[in-house]
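Close look at the chain arrangement
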Amino acid sequence: MHWLERPDWAPGEIDLERPSVARVYDYYLGGSHNFAVDRQLAQRAIRLMPDLPLIMQANRAFLRRAVRFLLAAGVRQFLDIGSGIPTVGNVHEIVHASDPDAPVVYVDSDPVAVAHSRAILEGNRSATVVQCDLRDPRALFGDPALRAALDLSQPVGVLMIAVLHFVPDSDDPAGVVGRLYDEIAPGSYLALTHATADGDQANARAVGELYAQSPSPLVLRSRAEVSALFKGFSPIDPGIVFLPVWRPESERDSHAHEAERFSGYAGVGLRT
Ligand SMILES: C[S@@+](CC[C@H](N)C(=O)[O-])C[C@H]1O[C@@H](n2cnc3c(N)ncnc32)[C@H](O)[C@@H]1O
């Protein structure tokens, strides 16, 4: 693995002294788009919670299962909000393996995530990236590139994977999802994952305290609080469960006897 310091493509506004949750997450997944300040935060977090890389892999594995579920349900357009720095198994790769023409729109507020997404999507007519803060749904759904790519009168698969835990209660995450609900057509789905301290309490809280010193504090929410984010959506079986337990591909993948170790909830809801 090689790590980049001030790569040519990195947008000028990046502050190399401040960690970014997009780049920290890239480090957990073994990626190369992170800087020393990101690696320091990630390594301190991993010391507190050695399972973190495993949890992030379980998060990505849920993303893959959820996209395949949505494809099987007939969804043919996707909106991935808080999409992150592209890594192995991106949404457009999964979707286009099944339907090369199905539009995929990535959204992130992080300049590195957006720049790298732009670079890998160059020349791809079915996938695009929009730089936007999800806390401003009006700006997001008014974005010309999003509106050109998606037909909002038709069902859309919305993904909010490992992002809403960066939205504090003061920014009303349930209200943000509620406004999103109003923008999407019946038959759409919302798939999300969210960090929690319901399982591995002491370690998850310690990681939460560490992130509290970063520019993007982590809000750990209980199962009831995560369920409340799905207000108006009908839960898809098996409901809101620890990451590996949502429709695992095999018994072994479900980690059924130790699922709470994964400190993250996953769920999919249908917009009726
Ligand atoms: C932990 S990463 C998850 C990436 C990807 N969804 C996944 O699960 O593999 C969280 C991403 O959410 C983005 N993010 C955080 N707050 C955001 C906001 N308010 N608006 C848009 N993106 C945001 C971060 O920049 C980061 O890329």
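The notes below deal with the structure included here. This structure is a prediction, so every number in the text was calculated from the model and none was measured.

Most of strand β5 (residues 189–195) is tucked away, with seven of its seven residues classed as buried. Side chains of β5 alternate between two faces, with Tyr 189, Ala 191, Thr 193 and Ala 195 and Leu 190, Leu 192 and His 194 buried alike. Bridging between β5 and strand β8 (residues 264–271) involves seven bridges; their strand directions are antiparallel. Looking at the pairing, Leu 190 lines up with Gly 269 of β8.

In this section: the site of the ligand. As a structural note, the neighbourhood of the ligand is formed by 19 residues, with Tyr 25, Arg 60, Gly 82, Asp 108 and Ile 161 the closest of them. Asn 59 has a polar side-chain atom sitting 2.9 Å from an oxygen atom of the ligand. Arg 60 is positioned with one of its side-chain polar atoms (N or O) 2.8 Å from an oxygen atom of the ligand. Taken by itself the ligand offers 600 Å² of open surface, and the protein chains cover 95% of this. Contributing elements (two or more residues each) for the shell around the ligand: α1 (21–28) and α3 (52–72). Ranked by the residues each element gives to the shell around the ligand, the list is headed by α1, at three residues. Grouping the amino acids of the shell around the ligand by side-chain chemistry returns nine nonpolar, five polar and five charged.

With that settled, the discussion passes to the packing of aromatic side chains. Scanning the entire structure with this criterion turns up seven aromatic pairs. Through a chain of ring-to-ring contacts, the aromatic side chains of Phe 62, Phe 69, Tyr 189 and Trp 246 assemble into a single cluster. Sitting above the plane of the Trp 246 ring, Arg 247 keeps its charged end 5.4 Å from the centroid. When the ring centre of Tyr 181 is taken as origin, the NZ or CZ atom of Arg 271, which lies over that ring, is 4.1 Å away.

For the rest of this paragraph, the subject is α1. Among the eight residues that make up α1, seven are buried, leaving the element largely enclosed by the rest of the structure. Of all the positions in α1, only Ala 22, Arg 23, Val 24, Tyr 25, Asp 26, Tyr 27 and Tyr 28 are classed as buried. Looking at the buried residues of α1, the elements they touch are α2 (36–48), α3, α5 (111–121) and α9 (201–212). Looking one or two residues past α1, Gly 30 carries a phi angle of roughly 85°, positive in sign.

Conventions used here
Residues numbered from 1 in each chain as written. Predicted model: local features only at pLDDT ≥ 70, side-chain atom pairs only at ≥ 80, totals over all residues. Heavy atoms only, no water. Buried < 20%, exposed > 50% of the residue type's maximum accessible area, 1.4 Å probe, protein only. Helix = DSSP H or I, 4+ residues; strand = E, 2+ residues; numbered from the N terminus. Pairing = 2+ DSSP bridges. Near = heavy atom within 4 Å. Polar contact = N/O pair within 3.5 Å; in protein donor to acceptor, adjacent residues only side chain to side chain. Areas by Shrake-Rupley, 256 points an atom, 1.4 Å probe, with all protein chains shown as cover. Nonpolar A, V, L, I, M, F, W, Y, C, P; charged D, E, K, R; others polar. Phe/Tyr/Trp six-rings, centres within 6.5 Å; stacked < 30°, edge-to-face > 60°. Lys NZ or Arg CZ within 6 Å of the ring centre and 35° of its normal. Contact = heavy atoms within 4.5 Å.

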